Structure formats: C-alpha cells, structure tokens
Amino acid sequence: MARPRVDLVAGARPNFMKLAPVLRALREEGRVDACVVHTGQHYDRSMSAVFFEELDIPEPDVHLDVGSGTHGVQTARILERYEARLLAEPPAAVVVFGDVNSTVASALAAVKLGVRVAHVEAGLRSGDRSMPEETNRILTDAMADLLLVSEASGVENLRREGIEEAKIRLVGNVMIDTLLTQLKRARSSNVLARLQLEQRGYGLVTLHRPSNVDDPRILSRILQVLGELSQQLPLVFPIHPRTRTAIERAGLSSLLHPERSTLRALEPLPYTDNLALMSGAAVVLTDSGGMQEETAVLRVPCLTMRPNTERPVTVRLGTSRLVANDPERIRQGFQDVLDGNWTKGAPIPLWDGRASERIAAELGEWLGA
Ligand code: UD1
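Residues numbered from 1 in each chain as written. Predicted model: local features only at pLDDT ≥ 70, side-chain atom pairs only at ≥ 80, totals over all residues. Heavy atoms only, no water.

Caption draft 1: The layout of surface pockets, seen in detail. There is about 1100 Å³ of room inside the largest pocket. Around the largest pocket, the lining is made up of 50 residues, and of these P14, H42, M47, H208 and H240 lie nearest the centre. Those elements that provide at least two residues to the lining of the largest pocket are α1 (13-29), α3 (71-88), α5 (132-143), α11 (241-249), α12 (271-280) and α13 (289-298). Residue contributions to the lining of the largest pocket peak at five residues, all from α1. (1 Å grid on protein atoms, 1.4 Å probe; cavity = no way out; pocket = protein on both sides within 12 Å on 5 of 7 lines; lining within 4 Å. Points joined across faces, edges and corners; volume = space filled by probe spheres on them. Helix = DSSP H or I, 4+ residues; strand = E, 2+ residues; numbered from the N terminus.)

Caption draft 2: The site of the ligand, seen in detail. Around the ligand sit 18 residues, and of these Q41, H42, N101, E133 and H208 come closest. Separating a nitrogen atom of the ligand from a side-chain N or O atom of D44 is a distance of 2.8 Å. Interatomic distance of 2.5 Å between a side-chain N/O atom of E133 and an oxygen atom of the ligand. When each cavity is represented as a set of grid points, the ligand is found to reside in the largest pocket. Listed by contribution, the elements that provide at least two residues to the shell around the ligand are α3 and α11. Residues that form the shell around the ligand fall into these classes: six nonpolar, eight polar and four charged. (Near = heavy atom within 4 Å. Polar contact = N/O pair within 3.5 Å; in protein donor to acceptor, adjacent residues only side chain to side chain. Sits in = over half its atoms within 2 Å of the grid points. Nonpolar A, V, L, I, M, F, W, Y, C, P; charged D, E, K, R; others polar.)

Caption draft 3: Broad picture of the sheet that holds strand β6 (residues 146-149). An order of β3-β2-β1-β4-β5-β6-β7 is seen for the seven strands of this open sheet, with the pairing classed as parallel. With partners counted over all chains shown, the strands left at the sheet margins are β3 (62-63) and β7 (168-170), one partner each. In terms of strand pairing, strand β1 (residues 5-10) meets strand β4 (residues 93-97) through four bridges, oriented parallel. Bridge pairing in β4 places L8 opposite V95. (Pairing = 2+ DSSP bridges.)

Caption draft 4: Just empty space enclosed by the protein, in detail. Counted by the stated rule, this structure contains one cavity of 30 Å³ or more. Around the largest cavity, the lining residues are V120, E121, L148, S150, G172, N173 and V174.

Caption draft 5: Examining the pattern of salt bridges more closely. Counted by the stated rule, this structure contains 30 salt bridges. As a salt-bridge pair, D273 and R194 come within 2.9 Å of each other at their nearest N and O atoms. Within this pair, whereas D273 is found in helix α12, its partner R194 is found in helix α8 (residues 191-194), the two being separated by 79 residues in sequence. Classification of D273 as buried rests on a relative accessible area of 11%. (Salt bridge = Lys/Arg side-chain N within 4 Å of Asp/Glu carboxyl O. Buried < 20%, exposed > 50% of the residue type's maximum accessible area, 1.4 Å probe, protein only.)

Caption draft 6: Summary view of the environment of E165. Of note, E165 is situated in the loop between α6 (152-160) and β7. Separated by 201 residues in sequence, E165 and W366 have C-alpha atoms that sit 14 Å apart.

Caption draft 7: Up close: the environment of T343. Tracing the backbone shows T343 in the loop between α15 (327-338) and α16 (355-366). Taking the relative accessible area as the measure of exposure, T343 reaches 45% and is therefore partly exposed. Note: C-alpha distance between T343 and G318 (25 residues apart in sequence) is 8.0 Å. Setting aside anything within four residues of it in sequence, one finds T343 in contact with G318 and T319. Of note is the side chain of T343, whose polar atom sits 3.0 Å from the backbone nitrogen of G345. (Contact = heavy atoms within 4.5 Å.)

Caption draft 8: Structural view of the sheet that holds strand β10 (residues 263-266). Spatially, six strands are ordered β10-β9-β8-β11-β12-β13 in an open sheet, and the strand pairing comes out parallel. Unpaired on one side and paired on the other, β10 and β13 (320-322) mark the two borders of the sheet. On average, each strand axis in the sheet is inclined to that of its neighbour by 20°, with strand direction left out of account. As paired strands, strand β9 (residues 235-238) and β10 are joined by four bridges and run parallel to one another. Residue P238 lies in a different strand from β10, and its bridge partner there is L266. (Axes fitted to C-alpha atoms, helices over the stretch in contact; angles between N-to-C directions.)

Caption draft 9: Examining unusual backbone geometry more closely. The phi dihedral of R200 falls on the positive side, at around 60°, and the residue is not glycine. Within the element layout of this structure, R200 appears in the loop between α8 and β8 (203-206). Despite not being glycine, L350 shows a phi value in the positive range, around 70°. Turning to its location among the elements, L350 is positioned in the loop between α15 and α16.

Caption draft 10: Region of interest: α3. For α3, spanning 18 residues, the distance from its first C-alpha to its last is 26 Å, which sits close to the expected 26 Å at 1.5 Å a residue. Every buried residue of α3 is listed here: Q74, I78, Y82, R85 and L86. Projected down its long axis, α3 shows its buried positions confined to an angular sector of 95°, all on one face. Along α3, the residues that are exposed and aim more than 90 degrees away from the buried face are E80, L87 and A88. Buried-residue contacts for α3 involve β1, β2 (33-38), β3, β4 and α4 (101-112). (Expected span 1.5 Å × (residues − 1). Arc of directions from axis to C-beta.)

In structure tokens:
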C-alpha cells in the first residue's frame, strides 16, 4: 500500500521552528510522506530562508508566494492558491502550525475540500479577541480533525468549546524540540563576542505585536522606558520589519540612535544567534509567544509585554511575568530581576524535546498508515 502523504503548511517565522522537527520525525518514522508548503507570508531572507537553512528544512515543494497584505488580502490569496494545489495534488491530510494567517487560511482551504486537518499547537487561548491570532486559533481549532496540544491549559480550553475528546491529544511543545536540538550549536555561536556582550551582562528585547507597535503613542512609551532601563543594563533589540516600519512612520528612529542609546537596534536575527542571545541574557523583554516558551525552558527571566497570554504555563511554571506595556510594571519587573527577586522556574510536562516524535506517531495512527 502506498504511504499516505501530508502537506505541512508554514508561512511565517514562528511556523518554521515548529515544522522542522515534525518533518524530521515523520521522515524518521517513515510511515507517512510529507511535502512542505510555504505560503510566502514571510519572504525576507532574514524572516524565512535563513530559518530553512539553519533548521535543515529542505526547499519547499510548493511556494504560494502570497507576500504581505491586509488580513483579508493575505488570507484570501492563501485560500485561492492553496486550494488550487489541493485540487491538483490532494493529500491525505494537511498539518498546520500555530496561529498565523497562513494557519487559518490553509486549514479553511482544506476542510472545504473535505481534506482532513491536523493542528499543531491547538487549544491555546489568550481570551483576547482583539488579537488577530486569537481569531486564527479559535477558527483553526473549530475546523481541525486532530488537535495536537502543547500544554494542559489547551486541553481544558478545547473541552470548554465543546471539541470532541477523541480529537484531542496532549503531545507537548515542538518549539522546545527545536530549541533542545539547536542549543549546542547556539552555545558555540560567537554572537555575544560580535556584539561585545558579556554573559548575563545585557537584556534582549523583541517587539512586534500590533497592540504594542501600531499605535505611535504606545510604541513611543515603550521605547522611552526601554531607553531608560538600558542605562542600567545594556539592551539589544533585533527589530521585526513590522516594528521597523512603525518606528520610522512614527518618527521615533532617534530613540534608537546608535551613538546616543544603550538600546541597540539590530536586524532580525537568525535562529541560532537569537537562541544564543536568549540563553546568555540576564533578562528578556518580549511580546513573542515563542520566546515566552523558550525562556521558560532556558530558565531566563522574561518580562512579557502583553496584558494576557495564551501560554499560561510559562507564568505558572516558567519564568515569565506579564507586564503589559505599562511603564510602571515594566520598571518594577526589571528591578525585581536585577535584585534576583525572580522565580527559578520548574520543568514543564512534555516539553522534553520529544513532542514531534509523539506527533509523528499520532499522525501515523490517525491516517491508518
Ligand atoms: C505575523 C503573525 C504573528 C506572528 C509574527 C511573527 C499573523 C496575523 N501574524 O505577524 O502572529 O507572531 O508573524 O513574526 O499572521 N514584512 C516584511 N518582510 C517579511 C514579512 C513581513 O517586511 O518577510 C512586513 C510587511 O511590511 C508586512 C508586515 O511586516 O506588512 C507584517 O507582516 P505580517 O505577515 O502581516 O504580520 P507579522 O506582524 O509579521
């Protein structure tokens, strides 16, 4: 009997770290064939190709080249182009990752054609409908036939939404599979030396959520407080393209002036360099979901610049504290870190580097392979 084929669909930076270990596990297990579909939601070399190279993901079998656009345009382009691919080469199932526009659009294209969908990182809920990702999560989970969940809170959320128990599997966190695989390489990275940083002698900042960067008043408030904190501890700030554009549009580039500021602006970093900087940092200040998870495993203090999180285990067992974009809470959190007044964190169940093996086994079963 021919092996069933699945499409693994990814489009935006955080998808690539999740796809890599699942692809590897499927290939090692050998029961299911896998094709890589890149929607093209992220297209800059530093946001996409770099990750394919570092994480040993082969060239995509299919590239939809959708590029940037409004939510409607981006989602519609993926829907149209991915549907054409599904009609031409129908897979046994589609595997989607995370909560970006590529996730919900490719899942919708599939279910409308009666192709089954598996969702990796199902069940996460921030409870905040103003986040575009929350809509993507809820809709994707409502469509998916197999829900592969990274933390226990996700199972509770899915039950609450009436998703059948038989579809839900708690498998752990594939992002951590990638982290543990790449940690050795990250530890031999020379990024700290290149940036003249000492272990634990700096903080790492990332910022890209629309709620933090799109409104110039909020963005300015955040950059002001970061500038102030960087007087106590140098901060490095790899800047997402969305944020770079927002800073320029708001006329705030002077806040990052290289000679006047200890808040150092960098281009977006490759995976290994970012991991090296995260693991050597005294503190991470971020609004990234992935980095909340990664700092939890690295046991590095994380000030999460969001009012809520869909990853509550990173606060409950990990090293994250929610500080929103409130200068007082950010200052207080930063001071607590400097004073050593911070949780050491604890291991998180199933964040053990083997989530993708469990996923490959579940997919094999599910497809009757
Ligand atoms: C997307 C995801 C977000 C995820 C983030 C990680 C959605 C709704 N949002 O947000 O959940 O955390 O990716 O990075 O899917 N741009 C470039 N080069 C690129 C890609 C984007 O310059 O390669 C610029 C464009 O100006 C674009 C803007 O960034 O308009 C935003 O890109 P988009 O993919 O719409 O959303 P992100 O903010 O990256």
